[in-house]
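# Structural overview
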Amino acid sequence: GQGFSMTRHDGLAAYAEAINLADAAGDQATGIRARVFAGRAASSAGETGAAKTSLAAAIRRARAADEQALLAGALSLYGYVLASTDATKVDEGLALLSESIAMNERIDNLYELQEAYNTQGNVYLAVGRLADAQRVFELCLGLCERMASANETICAHLNLGAVQLELGRLADAIAHARKAGDGARKQGRKFPEAVTH
């Protein structure tokens, strides 16, 4: 309703102000970061045009300033927005995600690398490229296990389970769901039992 759009508008206005302040102060990194946050907020609000504008500006500025970690994050988000909102831009979005992945590998930014894998896998899954989705989610799982990040590992098993289900490999899907369930219980979480049966 009205209340929600007001707060959403206030949020976007706050980011716009943060961008202006950072630019006025000549603070490149904060300006780039604020544009990425603004892009994420606009994307969540369904304002795709505004999201693309903000993220494209973040990418341009991050390239110019050689801010590689910020660039990798902006590329990943922009790639996702493109691929998920415009059927003609899926390949372009996936290419940006690949660039983000390569950059995160190069600078050894493992948490962002895992996020970019996850996003790329979800795009592949959404467009029905199941073999690609499986390959990327497996890379993601391997990385999560290497990082010993329990929540992300649970997520990777669920994603792989979803792919196996789409491929009609029920036993494999169940095996991944069980591993996700075991991981969740180790975390002391109540896990949806339906998923693990």
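Coordinates for the structure precede this section.
Before going into details, it helps to say that this report is about the structure given with it.

Calculation notes
Residues numbered from 1 in each chain as written. Predicted model: local features only at pLDDT ≥ 70, side-chain atom pairs only at ≥ 80, totals over all residues. Heavy atoms only, no water. 1 Å grid on protein atoms, 1.4 Å probe; cavity = no way out; pocket = protein on both sides within 12 Å on 5 of 7 lines; lining within 4 Å. Points joined across faces, edges and corners; volume = space filled by probe spheres on them. Helix = DSSP H or I, 4+ residues; strand = E, 2+ residues; numbered from the N terminus. Nonpolar A, V, L, I, M, F, W, Y, C, P; charged D, E, K, R; others polar. Phe/Tyr/Trp six-rings, centres within 6.5 Å; stacked < 30°, edge-to-face > 60°. Buried < 20%, exposed > 50% of the residue type's maximum accessible area, 1.4 Å probe, protein only.

### A look at the layout of surface pockets
Roughly 340 Å³ of internal volume is contained in the largest pocket. Listing elements by their share of the lining of the largest pocket, those giving two or more residues are α2 (28-44), α4 (68-85) and α6 (110-126). Here the lining of the largest pocket gets 7 residues from one element, more than from any other, and that element is α4. Grouping the constituent residues of the lining of the largest pocket by class yields 8 nonpolar, 4 polar and 4 charged.

### Considering the packing of aromatic side chains
One pass over the full model with this rule turns up 1 aromatic pair. Note on Y15 and F37: the rings are 6.3 Å apart at their centroids and 20° apart in plane angle, and the pair reads as stacked. Of the two residues, Y15 sits in helix α1 (residues 2-24) while F37 sits in helix α2, which places them 22 residues apart along the sequence. The class of F37 is partly exposed, set by a relative accessible area of 37%.

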